Amino acid sequence: MAAAVDKKQYEHLQSLYDAAEELPQSSLYQELVRIGLHDCTGKTIVDLGGGTGLHARNAIDKGAKSVDVVDISPAMLEAGKATERDLGRDDRVRWFVGDMTKPLEDIGLEKEYDISMVNWTFDHAETVTELETMWQNTAALTKKDGRLISVRMVNPKATSSTEGKYGGSFSDFEEIPGGLKYVYHAHIMPLLSFPATTMSESLDFEKSKLIARRYGFTEFKKISEEDTEVVKKDPEFWKMHVADPAFICITAIKAED
Ligand SMILES: C[S@@+](CC[C@H](N)C(=O)[O-])C[C@H]1O[C@@H](n2cnc3c(N)ncnc32)[C@H](O)[C@@H]1O
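Conventions adopted
Residues numbered from 1 in each chain as written. Predicted model: local features only at pLDDT ≥ 70, side-chain atom pairs only at ≥ 80, totals over all residues. Heavy atoms only, no water. Near = heavy atom within 4 Å. Polar contact = N/O pair within 3.5 Å; in protein donor to acceptor, adjacent residues only side chain to side chain. Areas by Shrake-Rupley, 256 points an atom, 1.4 Å probe, with all protein chains shown as cover. Nonpolar A, V, L, I, M, F, W, Y, C, P; charged D, E, K, R; others polar. pLDDT = per-residue confidence, 0-100. Contact = heavy atoms within 4.5 Å. Helix = DSSP H or I, 4+ residues; strand = E, 2+ residues; numbered from the N terminus. Expected span 1.5 Å × (residues − 1). Buried < 20%, exposed > 50% of the residue type's maximum accessible area, 1.4 Å probe, protein only. Arc of directions from axis to C-beta. Core = buried A, V, L, I, M, F, W, Y, C linked by side-chain atoms within 4.5 Å. Pairing = 2+ DSSP bridges. Axes fitted to C-alpha atoms, helices over the stretch in contact; angles between N-to-C directions. Phe/Tyr/Trp six-rings, centres within 6.5 Å; stacked < 30°, edge-to-face > 60°. Lys NZ or Arg CZ within 6 Å of the ring centre and 35° of its normal.

**Some points on the site of the ligand**
- Neighbouring the ligand are 21 residues; Gly49, His55, Asp71, Asp99 and Asn119 lie closest to it.
- Within the contact set of the ligand, a nitrogen atom lies 2.8 Å away from a backbone nitrogen or oxygen of Gly49.
- A distance of 2.8 Å separates a nitrogen atom of the ligand from a polar atom in the side chain of Asp99.
- Across the complex, the protein chains shield 97% of the 590 Å² of accessible surface that the ligand would expose by itself.
- Of the residues contributing to the shell around the ligand, the split by class is nine nonpolar, ten polar and two charged.

See the structure below:
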């Protein structure tokens, strides 16, 4: 049976989301983000749409000084907070309720960070204007010469996605002004389904550079899936994803304020 699909679903399904973190695709994107973080020792990080703090924890493990996680869902943040408390280090990650499609100046964040992470959150912009505001917020919070790490969809219709080979699949595609609306299913029991929207600018790596450049980002790199231990361990299994990835992880540098 599919879990309910609505914008508030994260509020109720955090434990299922934890289970989804065990799926093969999650191992891959977690490693891609870890590669993107590479040497983050002593760095300050903001994780926009950071959910339960999956990547925040990885960043702290890799030596980051602190991570500020921003998310629209208080329940996701509360779950992340509890995990950090259990780890006995609740001073290194801070949690902020915030909507990336709105100005973020007043939620108590630092002025700027060494590294910003935006993993899957661009796939929740429902209009081009919302996507622009997300980029604007990301740029404003990233220091000059700071780094952006971002996982996002590039092809929800990739064969691997429709087959669900890596633990996730997509359905109910609907063209909307400026982009594509669809439903993502994480293949756990019960099936965890939630809506996503990816604007056309995001669905193409080259096109996405245009919007990012307008906000001062440069030196775009796509992290190669073939460089991950996950793929190296079983290249045959990952062949379909490598040939036609549904999602990618990019890094970029903030060149201008
Ligand atoms: C697929 S989850 C990814 C969570 C985390 N970035 C990760 O990679 O594990 C998407 C997250 O984006 C959050 N989100 C969606 N729209 C948002 C918005 N406008 N502003 C902030 N967070 C948002 C959701 O609440 C959810 O936690």
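**Some thoughts on the confidence of the model for the chain**
- Of the residues in the chain, 93% have a pLDDT of 70 or more, and the chain-wide mean is 90.
- The low-confidence segment residues 1-8, where pLDDT is below 50, has 17 contacts with residues more than four positions distant or belonging to other chains.

**What about the environment of Ile60?**
- Secondary-structure assignment places Ile60 in helix α4 (residues 54-61).
- The spacing of Ile60 and Pro195 is 135 residues in sequence and 30 Å in space, taken between C-alpha atoms.

**Looking at helix α5 (residues 74-86)**
- A rise of 1.5 Å per residue sets the reference length of α5, with its 13 residues, at 18 Å; its end C-alpha atoms lie 18 Å apart and thus fit the reference within 8%.
- Taken together, the buried positions of α5 are occupied by Met76, Leu77, Ala79, Gly80 and Glu84. On an axial view of α5, the arc spanned by its buried residues comes to 160°, and they lie on one face.
- Following α5 by one or two positions, Gly88 has its phi on the positive side, about 70°.

**Observations regarding the nonpolar core**
- Membership of the largest hydrophobic core comes to 43 residues, with the highest contact counts inside it found for Leu37, Ile45 and Phe247.
- If one sorts the elements of this core by residue count, helix α3 (residues 24-37) sits on top with five residues.
- Sequence-distant contacts of Phe247, defined by excluding residues within four places in its chain, comprise Gln25, Leu28, Tyr29, Leu32, Trp120, Val151, Arg152, Met153, Val154, Glu225 and His241.
- Judged by nonpolar contacts, the second largest core, of 28 residues, contains Leu131, Ala139, Phe217 and Ile248.

**Things to note about the sheet that holds strand β8 (residues 192-199)**
- Read across the sheet, three strands follow the order β6-β7-β8 without closing on themselves; strand pairing throughout is antiparallel. The outermost strands of the open sheet, each flanked by one partner alone, are β6 (168-176) and β8. Adjacent strand axes in the sheet meet at a mean angle of 25°, parallel and antiparallel pairs treated alike.
- When β6 meets strand β7 (residues 179-186), the two strands line up antiparallel, connected through seven bridges. Bridged to Glu175 within β7 is Leu180.

**Let's talk about the packing of aromatic side chains**
- Inspection of the entire model under this criterion finds twelve aromatic pairs.
- Between Phe122 and Trp135, the ring centres sit 4.5 Å apart and the planes meet at 15°, which makes this aromatic pair stacked. Taken together, the residues span a long stretch of sequence, with Phe122 in the loop between β4 (113-117) and α6 (128-141) and Trp135 in helix α6 at a distance of 13 residues. The two residues Phe122 and Trp135 agree in class, both being buried.
- Members of the aromatic cluster, each reached through a chain of ring pairs, are Phe170, Phe173, Tyr182, Tyr184 and Phe194.
- Directly above the ring of Phe173 sits Lys157, whose terminal nitrogen or CZ lies 5.2 Å from the centroid.
- We note Lys209 situated over the ring of Phe205; from NZ or CZ to the ring centre the distance is 4.7 Å.

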